[in-house]
2 protein chains.
Amino acid sequence: MTENLPHDKRPVCILGLGLIGGSLMRDLATAGRAVYGWNRSAETVEVAAGDGFDVTSDLPEVLRRAEADDALVVLGVPMPALGFLLDAIAEHAPSVFFTDVTSVKAEVHALVEEHGLSGRFVGGHPMAGTADSGWSATMTGLFKGAVWVVTYDNAVELDGDPSSAEYMAAERWLDAWSRVVAMARHTGADVVVARARKHDSAVARISHLPHVLAETLAVAGDNGGPLALTLAASSFRDGTRVAGTSPDLVRAMCENNREALVTALDESIALLQQARDGLARESADLKSLAEEGFAARGRFEARAGRNKGDLTNRPVMRVQPGAKGWLEQLRSAEYMGAQISVF
Amino acid sequence: MTENLPHDKRPVCILGLGLIGGSLMRDLATAGRAVYGWNRSAETVEVAAGDGFDVTSDLPEVLRRAEADDALVVLGVPMPALGFLLDAIAEHAPSVFFTDVTSVKAEVHALVEEHGLSGRFVGGHPMAGTADSGWSATMTGLFKGAVWVVTYDNAVELDGDPSSAEYMAAERWLDAWSRVVAMARHTGADVVVARARKHDSAVARISHLPHVLAETLAVAGDNGGPLALTLAASSFRDGTRVAGTSPDLVRAMCENNREALVTALDESIALLQQARDGLARESADLKSLAEEGFAARGRFEARAGRNKGDLTNRPVMRVQPGAKGWLEQLRSAEYMGAQISVF
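Chains are numbered independently. Their residues run from 1 in the order of the written sequence. Following the order in which they are written, the chains are lettered starting with A and the ligands numbered starting with 1. Where local features are concerned, this predicted model is filtered to residues with pLDDT of at least 70; where side-chain atom pairs are given and counted, the filter is 80 or more; whole-chain, interface and lining totals use all residues. Side-chain figures throughout are based on the complete set of non-hydrogen atoms in the structure, without hydrogens or water.

Overview of the interface of chain B and chain A
The extent of an interface is frequently quoted as the accessible surface area lost upon association of the parts.
Link 1 in the chain: Throughout, a contact is declared for two residues whenever any of their heavy atoms are within 4.5 Å. Contact residues are listed per partner, giving 93 residues for chain B and 95 residues for chain A.
Link 2 in the chain: For this document, the term salt bridge refers to a Lys or Arg side-chain nitrogen within 4 Å of an Asp or Glu carboxyl oxygen. The interface formed by chain B and chain A holds 6 salt bridges in total.
Link 3 in the chain: Arg241(B) serves as the salt-bridge partner of Asp238(A), at 2.3 Å between the closest nitrogen and oxygen.
Link 4 in the chain: Polar contacts, as used here, are pairs of N or O atoms within 3.5 Å; protein pairs need one atom able to donate a hydrogen and one able to accept it. Residues neighboring in sequence count only if both atoms are side-chain atoms. On the surface where chain B and chain A come into contact, there are 28 residue pairs in polar contact (both at pLDDT 80 or more).
Link 5 in the chain: Helical segments are the DSSP runs of H or I of at least four residues, strand segments are the runs of E of at least two, and each set is numbered from the N terminus. No other element matches helix H7 (residues 196-222) of chain B, which puts 20 residues into the side of chain B that touches chain A.

Observations regarding the environment of Gly50(B)
Link 1 in the chain: Considering the arrangement of structural elements, one finds Gly50(B) in helix H2 (residues 42-50).
Link 2 in the chain: Note: C-alpha distance between Gly50(B) and Phe97(B) (47 residues apart in sequence) is 29 Å.

With respect to the pattern of salt bridges
All names here are of chain A.
Link 1 in the chain: All told, the structure shown has 38 salt bridges over all chains when counted by the stated rule.
Link 2 in the chain: For the salt bridge of Arg 297 with Glu 301, the shortest nitrogen-to-oxygen distance reads 2.8 Å. Of the two residues, Arg 297 and Glu 301 are both situated in helix H12 (residues 286-304); the distance of 4 residues between them amounts to about one turn of the helix.

Some points on the domain arrangement of chain A
Residues and elements named next belong to chain A.
Link 1 in the chain: The split of the chain into domains comes from an automatic or database domain assignment. Under the domain assignment used here, chain A contains domain 1 (12-194 + 314-342) and domain 2 (200-284).
Link 2 in the chain: For domain 1 versus domain 2, the separation of C-alpha centres amounts to 32 Å.
Link 3 in the chain: At the junction of the two partners, domain 1 supplies 8 residues and domain 2 supplies 7 residues.
Link 4 in the chain: Where domain 1 touches domain 2, the interface holds 0 salt bridges.
Link 5 in the chain: Inspection of the region where domain 1 meets domain 2 yields 2 residue pairs in polar contact (both at pLDDT 80 or more).
Link 6 in the chain: When residues are grouped by polarity, Ala, Val, Leu, Ile, Met, Phe, Trp, Tyr, Cys and Pro land in nonpolar, Asp, Glu, Lys and Arg in charged, and all others, Gly among them, in polar. Taken together, the residues of the side of domain 1 that touches domain 2 sort by class into 4 nonpolar, 2 polar and 2 charged.

Comments concerning the packing of helix H4 (residues 79-92) of chain B against helix H5 (residues 106-114) of chain B
Each pair of packed helices gets described by two things: the angle between the helix axes and the distance between those axes.
All names here are of chain B.
Link 1 in the chain: To obtain an axis, a line is fitted to C-alpha atoms, over the contacting stretch when the element is a helix, and the angle between two such axes runs from 0 to 180 degrees between their N-to-C directions. Between H4 and H5, the least distance of the axes is 10 Å, while the angle of their chain directions is 20 degrees. In terms of their interaxial angle, H4 and H5 are classed as roughly parallel. In this structure, H4 meets H5 at a crossing whose hand is right-handed. Packed against H4, whose contacting residues are Met 79, Leu 82, Gly 83 and Leu 86, the element H5 presents Glu 107, Val 108, Leu 111 and Val 112 at the interface.
Link 2 in the chain: When its residues are assigned to classes, the contact of H4 with H5 shows 6 nonpolar, 1 polar and 1 charged. For this classification, under 35 degrees means roughly parallel, over 145 means roughly antiparallel, 65 to 115 means roughly perpendicular, and everything else is oblique. Two helices cross in a left-handed way if the nearer one is turned anticlockwise from the farther one by less than a right angle. They cross in a right-handed way if the turn is clockwise.

So, the environment of Gly244(A)
Link 1 in the chain: For Gly244(A), the location among the structural elements is in the loop between helix H9 (234-240) and helix H10 (247-255).
Link 2 in the chain: Taking the C-alpha atoms as reference, Gly244(A) lies 8.6 Å from Glu215(A); in sequence the two are 29 residues apart.
Link 3 in the chain: In contact with Gly244(A), not counting residues within four places along its chain, are Phe294(B) and Arg297(B).

Describing the sheet that holds strand S4 (residues 72-75) of chain A
All names here are of chain A.
Link 1 in the chain: Whether two strands pair comes down to DSSP finding at least two bridges between them. Here we have 6 strands laid out as an open sheet, ordered S3-S2-S1-S4-S5-S6, and parallel in their pairing. A single partner strand is all that each edge strand has here, and the edge strands are strand S3 (55-56) and strand S6 (121-122).
Link 2 in the chain: Across 4 bridges, S4 lies against strand S5 (residues 97-100) in parallel orientation. In the sheet register, Leu 75 faces S5, and the bridge partner there is Asp 100.

Observations regarding the nonpolar core
Link 1 in the chain: What we call a nonpolar core is a set of buried Ala, Val, Leu, Ile, Met, Phe, Trp, Tyr and Cys residues that are connected through their side-chain atoms within 4.5 Å. A 1.4 Å probe rolled over the protein chains alone gives each residue an accessible area, and that area as a share of the maximum for its type sets the label: buried under 20%, exposed over 50%, partly exposed in between. Of all hydrophobic cores here, the largest spans 75 residues; its most connected members are Leu231(A), Val212(B) and Leu231(B).
Link 2 in the chain: Setting aside chain neighbours within four positions, we find Val212(B) in contact with Leu272(A), Ala275(A), Leu286(A), Leu289(A), Cys254(B), Leu261(B) and Leu265(B).

This is the structure in C-alpha cells:
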C-alpha cells in the first residue's frame, strides 16, 4: 500500500502515559516523530524521563506548549479522567486538535460535545493491549498489525468558498483527521473507520460480549465443583480465558457501553433460549445454532485467519480526505470493515 | 506415584479403530500389551494391518477370540453403533468384560442395562481428541496427561462368603475395573472416577456448554457484519474457537446429554439475564458476574494451570478395589476431582 502520509513535522503531545499512551510515545519516537507528554504521577514522569522521553507532570505547561507548536494532542487516560483533561484543553490550549484512545466512542463524543470541543476532535481506538498496565508495561510495537479505529462523525466534504470561515475550519479538521490516521499508521497499525455508534455496537459484540460469556461459562463450570474443574480441558480453557481479566476493567469497558451490550446480550439470550428449548423438547433446534455458529466462525476465519498471527484478509479502500464523495467512501469502508489508505 | 498396576498378560480387544480406538491400540502395543481389534471397514483393516496391527473385519470371529483368551473388550465406536456391538457381545462373547470410550455415560449405562450386561461393564471416557477422525488420524501419545474417566456405578465392596457366587462375581468385576484403570494408565492418562450422572453433569458444564456459548458468540459477532469481524481480536478468537467444530459432532455430543446440558444452559441464561438487567437499569449488577467469573477462572487455573500444557495440580487418592470403605473413597475422589492410584 503506497500511502501519502503527511510529512508531519508537527509534534504529538500525549496526555497520560499508561500502556497505550506510553507505548504510543515509544513508537512515535522510534519512527522519528517529535513527541512529548504529560502524566499526573511524578513517579511515572521520573521513570519515563529516565528512559529518555520528554515528559512533565505540569499539565497547563504542556498544553501551552502544544498550543504554541500546533501539536496533535492525544488523550491517553481512562474515561473517568477525560472530563478533567477536556476542561484543561479548553482553558490552556484553545485551538489544538485532539484525539483519544478509549475503548468506547459514543460516550466520548458526547462528552466532547458537552465541552463544546467537537469541531477539534477525532475519536480513536487502538485495539491492542496486554494484561498489564502503566508505564512499566509499555513497549514499542504494541500496535503493529492491530486495528486502530478512527471516527468520522464530524467529517465534511470541502465545498463552497475556500476563503470562507466554514471552509477553512473544515480544512483544518480534515488536516487533523489525516494527522490522526498518519500517527496510527506510524505505529504499524491498520486504520479502520467507523462512526461512534457503529464502533460501539461492533465492539459490544466482539469485545465486551466475549467477556460476559467467558464469565458466565467460568461460573457455570465452577458450579460443577472440583470434579468439573478437573475434567475441564481446552474448550473450557479457551472459553474462559478473558474471565481472568480484572473485574474492575471488565466493568469499566462494559458499563461504558451499556446500550450496545444490552442489545448483544438480548440476541445471545434469545439464541441460548432457543437452543435450550430445542434440547428440552428433543427437537432438532440445536441444529440451527450449531450450523449458524459454524458458518459465522468460518466467516471470521476467512477475514482474520484461523490462528492468532495468521495473515488477515481485509479489503483495503483508498480515501481522499475532503474530496467530493469521500463521506460515501467512508461509509462503504465502514460497512465493509475495510482498512483505509489515504491519498 | 507408585502404583500396583496388575501385570496383565491378558489381551485387550478393541472394537472400532477410529481416532480413540486406533490411538489406544497404538499406545497399548507400544507399552508391550497384547492387543488386537476389529473395524467394520475392510479398508481401515487393510491399512491398520499394513501398519503392523492384528486386526480383522470379522466381528463374530474377534469376539469368539476375546471370549477364548479372556480379553478386555473396548467399545471404540460412537453412540449410535453401541447397540449393535452389545448384541454381538451377548451372542459371541458371553463372559467377557468390557468398557467404552464415549463422551456421555448415563445413556451408555442405560443401554448396557437394557442389554442385561451391566455386571460386565465399566464405563470409560478418555478426555482427549483432535479435530480429525479415523485411523489416519491415530497417533501414539494421544492420551498422555489427559484425564480418563472411569465409572464405578456398579462397584461393590467384597463381603460375605468368598466361595459364594456373589462374592466371585464381585471379584471378577473388581478385576475388570482394575484392568480398565491399568489400561488407561498404560496410555499415560490420569484416571478420575465418577458415576455416570456426575460425569455427564460435569462434561455438560465444561465441554458441551462451551460449544453452545462459542456458537452463540460467533453468531452475535457475525450479526455485527463485516465491521465487527474486522474489529474482532483475541477475545473473540478464543471465545469462538470451538464453533469451528463440525455441527454434526456438536449435535451428537450435546443431544446425547440433553438433561445435564439443559440444566447448565438454564444457569447460564439466568446469569446473563441478571447481567443484562443490571446493565439496562444502570445498577451495579455486572459486578457480581465479573467478580464471580474472575474467582471461578482463578479456581480453574489453580487446578489446571494458567496456560495449556502447564502442570496440573490435582489431588491424588489411593484406592484399594473392593476393600472395606473403598466406595466411600471413590465418592470422596469423585467429589474432589482427584486422580486415583490403585494399590
